[in-house]
Amino acid sequence: MVLPIFVNDEWWGFIGFDECTGERVWQPLEIDALRTAANNIGATIQRQEADIVVQSQNETLIKANRELAISRRQAEAANKLKSQFLATMSHELRTPLNAVIGYSQLQLAGMAGQLSDEQKTFQERILINAQHLLQLINEVLDISKIEAGRMDLSQKAISLRGVFDEIIAQNRVLAENKGLTFTLTYDERLPESIIGDRGRIKQIIINLISNAIKFTDKGEVKIEVVLYNKDAWRVVVTDSGIGISSHEQETIFDEFRQAENGLERGGTGLGLAIVRKLIAMMGGTIRVNSELGVGSTFTITLPIITEENINKVLLEE
């Protein structure tokens, strides 16, 4: 008797059974048993072939993971070298640029003699463009330091109200020059003093306010500083500007990315990337809610750190 063997529903071969001592008639129960044996052989072959495929796939996957790990290490090393190079070059570029700014300011102050109106105009243009270039270099330096792990945050007691009074004073003229309403709402429940990096906090808020003013042609820019809960405080910067489309809200915090409707207004596309990274270093979060033609709202939440909190942590440790 000859029975077929199937593997994956395809014919694979035959298995034959022979009664060598003479002719016999195979009984139905014997035929069923032999047919089951043939099916079991087919199933065994199928499992073996599947095991071979799985083993081959595992070997391929292990090889791909090994190559991926090597590529990732190489990319991380290259990225670190890039960040270190940019940080070094940015620092070196600032030195001569500060000299250009300094000498321009001295000439405008009349330290090198009286300037004609035309000379004064040229020097003012030199100063404005040099300061703009310095800002761009500082942004590259900051992002490079953060990526290279060389950015350190100061932890000192600061007056939060004093920080925002300075920020408003420094940016009010920019808003008024565009005819914008510029307001600050400050929650008096906030602690008088917190522990933090005064310069970096100012950098974060000024960046958001500058963007709000830059992308708002009419209406208002308002800042709200509130006590979010006993462990956190919040800053909300709202404008009535051009807004950001929903799909771009997911990428505006990426490096060198800008909203399409704001490209003509300049910038490196690093400001918000730096803001997000600094906020993350401080243990906080930032989110944006915006609508085209209506305006944008940026919300920052940062932990409240006071001398009392630090002392409590030290005592517990």
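As shown above, the structure is provided for reference.
This report concerns the structure included in the present document.

1. What to know about the overall build of the protein
- Helix and strand counts for the protein come out as 6 helices and 9 strands.
- Relative to the 2.2 N^0.38 estimate, which gives 20 Å for 317 residues, the radius of gyration of the protein is 35 Å and therefore markedly larger than a compact globule would have.
- Dimensions of the protein, computed from the C-alpha atoms along their principal axes, are close to 130 × 50 × 50 Å.
- Per-residue burial for the protein yields a buried fraction of 32% across its 317 residues.
- Put simply, 68% of the contacts in the protein that link residues at least 6 apart link residues at least 24 apart.
- Just so you have it, the protein exposes about 19,800 Å², and 54% of that area is on carbon and sulfur atoms.
- The protein carries 33 positive and 43 negative side-chain charges, and their two centres are separated by 7 Å.

2. What about the packing of helix H4 (residues 198-214) against helix H5 (residues 271-281)?
- H5 packs onto H4 with a crossing angle of 145 degrees between their chain directions and a minimal axis gap of 10 Å. As H4 runs across H5, the sense of the crossing is left-handed. Note on element contacts: H5 touches H4 through Gly271, Leu272, Ile274, Val275, Leu278 and Ile279, opposite Arg200, Gln203, Ile204, Asn207, Leu208 and Asn211.
- A per-class count over the contact of H4 with H5 returns 7 nonpolar, 4 polar and 1 charged.

3. Concerning the sheet that holds strand E8 (residues 285-291)
- Judged by pairing direction, the sheet is mixed, and its 5 strands sit side by side in the order E4-E6-E7-E9-E8 without closing on themselves. Each of the sheet's edge strands pairs with one partner strand only, and the pair in question is strand E4 (181-186) and E8. Averaged over all pairs of adjacent strands, the angle between strand axes in this sheet comes to 15 degrees, irrespective of strand direction.
- Where strand E6 (residues 220-229) lies against strand E7 (residues 232-239), 8 bridges are found, and the strand directions are antiparallel.

4. Considering the nonpolar core
- Phe164, Ile205, Ile223, Trp233, Phe298 and Ile300 are the most contacted members of the largest nonpolar core, which totals 45 residues.
- Among the elements that make up this core, the one with the highest residue count is H4 (7 residues).
- Here Ile223 is in contact with Phe164, Ile168, Phe182, Thr183, Leu184, Thr185, Ile209, Val235, Val236 and Val237, once residues within four sequence places are set aside.
- Core analysis: the next-biggest nonpolar cluster, separate from the first, contains 6 residues, Ile101, Ala130, Leu134 and Ile137 among them.

5. Concerning the pattern of salt bridges
- Tallying each qualifying case throughout the model produces 10 salt bridges.
- The partner of Arg189 in a salt bridge is Asp187, and the shortest N-O contact between them spans 2.8 Å.
- Members of the salt-bridge network, linked through shared partners, are Arg161, Asp165 and Glu188.

6. Overview of a nonpolar patch on the surface
- Among the surface-exposed residues, Val2, Phe6, Trp11 and Phe14 lie close enough to one another that they form a single nonpolar patch of about 480 Å² accessible area.
- Examined against the element boundaries, Trp11 turns out to sit in strand E2 (residues 10-16).
- With a relative accessible area of 52%, Trp11 lands in the exposed category.

Conventions adopted
- Residues numbered from 1 in each chain as written.
- Predicted model: local features only at pLDDT ≥ 70, side-chain atom pairs only at ≥ 80, totals over all residues.
- Heavy atoms only, no water.
- Helix = DSSP H or I, 4+ residues; strand = E, 2+ residues; numbered from the N terminus.
- Rg over C-alpha atoms; globule rule 2.2 N^0.38 Å.
- Buried < 20%, exposed > 50% of the residue type's maximum accessible area, 1.4 Å probe, protein only.
- Contact = heavy atoms within 4.5 Å.
- Areas by Shrake-Rupley, 256 points an atom, 1.4 Å probe, with all protein chains shown as cover.
- Lys, Arg positive; Asp, Glu negative; His and termini not counted.
- Charge placed at Lys NZ, Arg CZ, Asp CG, Glu CD.
- Axes fitted to C-alpha atoms, helices over the stretch in contact; angles between N-to-C directions.
- Left-handed = near helix turned anticlockwise from the far one by under 90°.
- Nonpolar A, V, L, I, M, F, W, Y, C, P; charged D, E, K, R; others polar.
- Pairing = 2+ DSSP bridges.
- Core = buried A, V, L, I, M, F, W, Y, C linked by side-chain atoms within 4.5 Å.
- Salt bridge = Lys/Arg side-chain N within 4 Å of Asp/Glu carboxyl O.
- Patch = residues over 30% accessible without salt bridge, like charges linked within 9 Å, V, L, I, M, F, W, Y side chains within 5 Å.

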